[in-house]
Amino acid sequence: MTELEVVEVIPHRLHMLRFPIGQAYLWRDGEALTLVDAGHAGAADAIEGAVRSLGLRPERLERIVLTHCHRDHVGAAGELAARWGARIVAHRLDAPVIRGEEPVPEPVLLDWELPLYAHGLTIPQAPPTRVDQEVEDGERLPFGDGAVIVHAPGHTPGSVAVHLPEHGVLFTGDCVAGVGRVMPGVFNVDRDQALASFRRLADLAPSVACFGHGDPVTTAAADTLRSAAASA
């Protein structure tokens, strides 16, 4: 059974589902559910169990928004969608990779990233996964009182963040990390582009910042992101 830790981020609204590598987020609008990212292949049972442990019904999962095409974010999406009828959403540029039509783009690794990258490849490769809706920068999705897609390329060409302006919540995907400190994400295909995306996300000044890796920031998130972006 996949190890999974459920962490409350916003009471009755938002939980983080943390795997040994990577994490996903479960957003709740009443009984309607949205996942931002979906963990690795083989994690569907654990995610279903986590949803049920919160007293929620997994059949109310309406959509899975994928922040990018990497295996630790995409892996369980297809199985979850097949079980519960959820729609899978991804940016147009990463959608062909998610579907298995194009290879995963190779990152330009810094020396210190090499062992981390090798460790990340120990989780199962994501199977080809359908994408029901391809999105672009600025599109809105019907959850969180108006979720806004923010194109944040650099980690991958089609990386996105998801901004819930009515709630002050920002899901950064792997553009930003919170491991030990808030910093740019690793394994980027274009580091300069990734840093520009980081600065753009910091300008959104969220009150809650949720990363693809690392603990969410729920206090002074706007200042923390701005400071990290300025020093990156």
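Residues numbered from 1 in each chain as written. Predicted model: local features only at pLDDT ≥ 70, side-chain atom pairs only at ≥ 80, totals over all residues. Heavy atoms only, no water.

### Observations regarding a nonpolar patch on the surface
Here is step 1: A cluster of nonpolar side chains, Leu-110, Trp-112 and Leu-116, forms an exposed patch at the surface whose accessible area comes to about 290 Å².
Here is step 2: The partly exposed category is assigned to Leu-110, whose relative accessible area is 34%. (Patch = residues over 30% accessible without salt bridge, like charges linked within 9 Å, V, L, I, M, F, W, Y side chains within 5 Å. Areas by Shrake-Rupley, 256 points an atom, 1.4 Å probe, with all protein chains shown as cover. Salt bridge = Lys/Arg side-chain N within 4 Å of Asp/Glu carboxyl O. Buried < 20%, exposed > 50% of the residue type's maximum accessible area, 1.4 Å probe, protein only.)

### Considering empty space enclosed by the protein
Here is step 1: Summed over the entire model, instances satisfying the criterion amount to 2 cavities of 30 Å³ or more.
Here is step 2: In this structure, the largest cavity occupies an estimated 50 Å³ of space.
Here is step 3: Contributing elements (two or more residues each) for the lining of the largest cavity: α1 (44-53) and α3 (77-84).
Here is step 4: In this structure, the second largest cavity occupies an estimated 40 Å³ of space.
Here is step 5: Surrounding the second largest cavity, Gln-23, Tyr-25, Val-36, Asp-37, Thr-67, Phe-171, Gly-173, Cys-210, Phe-211 and Gly-212 form its lining.
Here is step 6: Across the lining of the second largest cavity, the residue classes break down as 5 nonpolar, 4 polar and 1 charged. (1 Å grid on protein atoms, 1.4 Å probe; cavity = no way out; pocket = protein on both sides within 12 Å on 5 of 7 lines; lining within 4 Å. Points joined across faces, edges and corners; volume = space filled by probe spheres on them. Helix = DSSP H or I, 4+ residues; strand = E, 2+ residues; numbered from the N terminus. Nonpolar A, V, L, I, M, F, W, Y, C, P; charged D, E, K, R; others polar.)

### Things to note about unusual backbone geometry
Here is step 1: Even without being a glycine, His-12 presents a positive backbone phi close to 65°.
Here is step 2: Tracing the chain through its elements places His-12 in the loop between β1 (5-10) and β2 (14-18).
Here is step 3: We classify His-12 as exposed; its relative accessible area is 63%.
Here is step 4: Despite not being glycine, Asp-37 has its phi angle at roughly 70°, a positive value.
Here is step 5: Relative to the helices and strands, Asp-37 resides in the loop between β4 (32-36) and α1.

What is shown is where atoms sit, not what they do.
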